[in-house]
Amino acid sequence: GAVVSQHPSWVICKSGTSVKIECRSLDFQATTMFWYRQFPKQSLMLMATSNEGSKATYEQGVEKDKFLINHASLTLSTLTVTSAHPEDSSFYICSGSFTDTQYFGPGTRLTVL
Amino acid sequence: DQQVKQNSPSLSVQEGRISILNCDYTNSMFDYFLWYKKYPAEGPTFLISISSIKDKNEDGRFTVFLNKSAKHLSLHIVPSQPGDSAVYFCAASAGGTASKLTFGTGTRLQVTL
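Reference entry: report on the structure contained in this document. Because the structure is a prediction, the values reported are computed rather than measured. Numbering of residues begins from 1 in every chain and follows the order in which that chain's sequence is written. Chain letters and ligand numbers both follow the written order, the letters beginning at A and the numbers at 1. With the structure being a predicted model, the display of local features is reserved for residues of pLDDT at least 70 and the display and counting of side-chain atom pairs for 80 or more, all residues being used for whole-chain, interface and lining totals. The side-chain values count all of the structure's non-hydrogen atoms but skip hydrogen atoms and water molecules.

Side note on the pairing of strand S5 (residues 45-51) of chain B
Residue and element names in this part refer to chain B. Exposed residues in this analysis have more than 50% of their type's maximum accessible area, buried residues have under 20%, and partly exposed residues fall in between, with area computed by a 1.4 Å probe over protein chains only. Each helix corresponds to a stretch of at least 4 residues labelled H or I by DSSP, and each strand to a stretch of at least 2 residues labelled E; elements are numbered beginning at the N terminus. By the criterion of burial, S5 is predominantly enclosed, with five of the seven residues buried. In this sheet, S5 lies alongside strand S4 (residues 32-38) in antiparallel orientation, the contact comprising six bridges. Bridging from a neighbouring strand, Leu 34 pairs with Ser 49 of S5. Count of turn residues in the S4/S5 antiparallel hairpin: six residues, of which Ala 41 carries a positive phi of about 60 degrees. Two strands are counted as paired when DSSP detects at least two bridges linking them.

Structural data, given as C-alpha cells:
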C-alpha cells in the first residue's frame, strides 16, 4: 500500500503559539489530501480537504483562519494550528488518495498547555 | 447527525472463531465503503472496501458484505487471530474514493486465546 508520513508525531506547545504539522505522501502523488481530527474515544472527524495548488475546503464549524492548510506540492500538505488553545489538543491525522483508497498517516498528537 | 453508525462499541471473540462487525448508514448518496483498523496513537490502516454496485468483497480472511436496501454493511474476519485486536472503523464516501470519508464511531475488537 501507499505510505503517508507525518511530522512531528507529537508536540507540546504553550497556549497562544502556532504549530505546524507536515503530511507527506512518500511513494505516490496526492492531488488531494485530507485532514482529520480525533478526540479521545471519538471517531475521526474531517476538518478540511486540501487540493494541490488551490485553497482548502473546510468542513462546517472548522475555522479556516485558525487551521491554515497549505498544499504546496503533490507530496506535501501542511496544517498550521494558529494561536493554539488547550481545546485544540487532539490527535491530527492526514490522508492521501491513491488507487481508489485513502491512506492515512500515523497521526500527530498535539497537546496545548 | 451521525451518518455512519457502529452500534457495538466493543466485541470479544475467541481465537479461530468468526468476528462480525456491523455498520449502518443513513445517507443514500454514499457509494463507497471502507473498513479501517486502528491502534491507539496511530493512523488507520486500510483493510478492505466495497463499491455500492457490489454486495460482497473478499480479501483473504476479510469479507465485507453490503446490503443497500437496509443501508447496512458488515465485516467478517475468519478465522480471528489475536493480532486482529484493535479498533475497527467503517467509513463511507459519496462521489467516489477520492472524496472525503465519513467515519463511524468504531468497534473495539478483542480476540482472546
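A word on the side chain of Thr 49 of chain A
If you trace the backbone, Thr 49 of chain A turns up in strand S5 (residues 44-51). We call two residues in contact whenever any of their non-hydrogen atoms come within 4.5 Å of each other. The contact partners of Thr 49 of chain A, leaving out residues within four places of it in the chain, are Thr 32, Met 33, Phe 34, Ala 56 and Thr 57 of chain A together with Lys 100 of chain B.

Some points on a nonpolar patch on the surface
All names here are of chain A. For patch detection, residues must exceed 30% relative accessible area and be free of salt bridges, and they are connected within 9 Å for like charges or within 5 Å for nonpolar side chains (Val, Leu, Ile, Met, Phe, Trp, Tyr). Working definition of accessibility: Shrake-Rupley area with a 1.4 Å probe, residue cover restricted to the visible protein chains. A carboxyl oxygen of Asp or Glu within 4 Å of a side-chain nitrogen of Lys or Arg is what we treat as a salt bridge. A surface patch of nonpolar side chains, about 390 Å² in accessible area, is lined by Trp 10, Ile 12 and Leu 113. Within the secondary structure, Leu 113 is located in the segment after strand S11 (108-112). Assessed through its relative accessible area of 62%, Leu 113 is described here as exposed.

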